[in-house]
Amino acid sequence: NYLRSICRWRIKVFFDGAKNPHKFYENRHRQTRRSEAASFGNLPGQIRNSPEYLSKAQHVCSFFNIASSFAAYEADPQAVAFAYAHSSTCVTGDSDLLAYGHDDSPPTKEIIIVQNWLHDYFRIIRLSADVVEGRYPMFDLYRKHGRIVFQLYAGCSRCDFTKLPNGLPGIGYAKFIK
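Residues numbered from 1 in each chain as written. Predicted model: local features only at pLDDT ≥ 70, side-chain atom pairs only at ≥ 80, totals over all residues. Heavy atoms only, no water.

Q: So what's going on with helix H2 (residues 24–39)? Residues and values would help.
A: For H2, which comprises 16 residues, the first-to-last C-alpha distance of 23 Å matches the rise-based estimate of 22 Å (1.5 Å per residue) to within 8%. For H2, the full list of buried residues reads Glu26, Asn27, Arg34 and Ala37. On an axial view of H2, the arc spanned by its buried residues comes to 100 degrees, and they lie on one face. In the segment just after H2, Gly41 is the residue with positive phi, at about 70 degrees. (Helix = DSSP H or I, 4+ residues; strand = E, 2+ residues; numbered from the N terminus. Expected span 1.5 Å × (residues − 1). Buried < 20%, exposed > 50% of the residue type's maximum accessible area, 1.4 Å probe, protein only. Arc of directions from axis to C-beta.)

What follows is the structure, given as structure tokens:
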């Protein structure tokens, strides 16, 4: 209510839909992590987007009169498409939103990546920021080549669709930037 009443935000929540069959390896990896969390009694680590969980979340949105919708699979592309169409800001816990869209897409004002909701730890990424060249090498590459930079980096550093558990061996941030 604070964001809507004081900050005047209009909020729309996008939920993941069915399991994405193209994310077989990531889904298997997540299942392993949930099993490990269960063995250590880590309740938050066991949460998954089950139909019951999503139904409850949608019910909460409805109760607070917050618009929401379900994606066929991943909510990320739908949220980014909505942001492009409505000149909105995406608020997410998932940095791969930077990779969605194409170079003809209108630029988003910013993406807010929340690292920890409990402690209000977040990053604001403004893709149109006036930043001195050389300060952020990844941003320099983005300015020169567009969104493909984020897409390639996601693939090299183990995005949700890659088979390798840690991305491409030998390609870390420093080598990617070179």
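Okay, back to it.
Q: Outline the packing of helix H5 (residues 137–145) against helix H6 (residues 148–156), supporting the account with residue identities and numerical values.
A: Running from amino to carboxyl end, H5 crosses H6 at an angle of 130 degrees, the nearest separation of the two axes being 8 Å. On the basis of the axis angle, H5 is oblique to H6. Facing H5, whose interface residues are Met138, Leu141, Tyr142 and His145, H6 presents Ile148, Val149, Phe150 and Tyr153. In the contact of H5 with H6, the residues fall into seven nonpolar, one polar and no charged. (Axes fitted to C-alpha atoms, helices over the stretch in contact; angles between N-to-C directions. Parallel < 35°, antiparallel > 145°, perpendicular 65-115°, else oblique. Contact = heavy atoms within 4.5 Å. Nonpolar A, V, L, I, M, F, W, Y, C, P; charged D, E, K, R; others polar.)

Q: Residue-level account of the sheet that holds strand E4 (residues 111–116), with values.
A: With respect to topology, three strands assemble into an open sheet ordered E3-E4-E5, the strand pairing being mixed. Two strands lie at the open edges of the sheet, namely strand E3 (90–92) and strand E5 (121–125), each paired on one side alone. For this sheet, the mean inter-axis angle between neighbouring strands, taken without regard to orientation, is 15 degrees. (Pairing = 2+ DSSP bridges.)

Q: With reference to specific residues and values, describe a nonpolar patch on the surface.
A: Residues Val60, Phe63 and Phe64 make up a contiguous nonpolar surface patch of roughly 310 Å² in combined accessible area. Among the secondary structure elements, Phe63 is positioned in helix H3 (residues 51–63). For Phe63, a relative accessible area of 65% corresponds to the exposed category. (Patch = residues over 30% accessible without salt bridge, like charges linked within 9 Å, V, L, I, M, F, W, Y side chains within 5 Å. Areas by Shrake-Rupley, 256 points an atom, 1.4 Å probe, with all protein chains shown as cover. Salt bridge = Lys/Arg side-chain N within 4 Å of Asp/Glu carboxyl O.)

Q: Account for the nonpolar core, naming residues and giving values.
A: Judged by nonpolar contacts, the single largest core of 25 residues is most densely connected at Val80, Cys90, Leu98, Leu127, Phe150 and Phe176. When contributions to this core are tallied by element, the ones reaching two or more residues are helix H4 (75–86), E4, H5 and H6. For this core, the leading source of residues is H4, giving five residues. Non-local contacts of Cys90, meaning those with residues more than four positions away in its chain, are made with Ala79, Val80, Ala83, Leu97, Glu110, Ile111 and Ile112. (Core = buried A, V, L, I, M, F, W, Y, C linked by side-chain atoms within 4.5 Å.)

Q: Please give an account of H5 that cites residues and values.
A: For H5, every residue scored as buried is listed here: Met138, Phe139, Asp140, Leu141 and Tyr142. On the buried face of H5, the contacting elements are H6 and helix H7 (173–177). Gly146, located one to two residues past H5, shows a positive phi value of around 90 degrees.

Keep in mind these numbers describe shape, not what the thing actually does.
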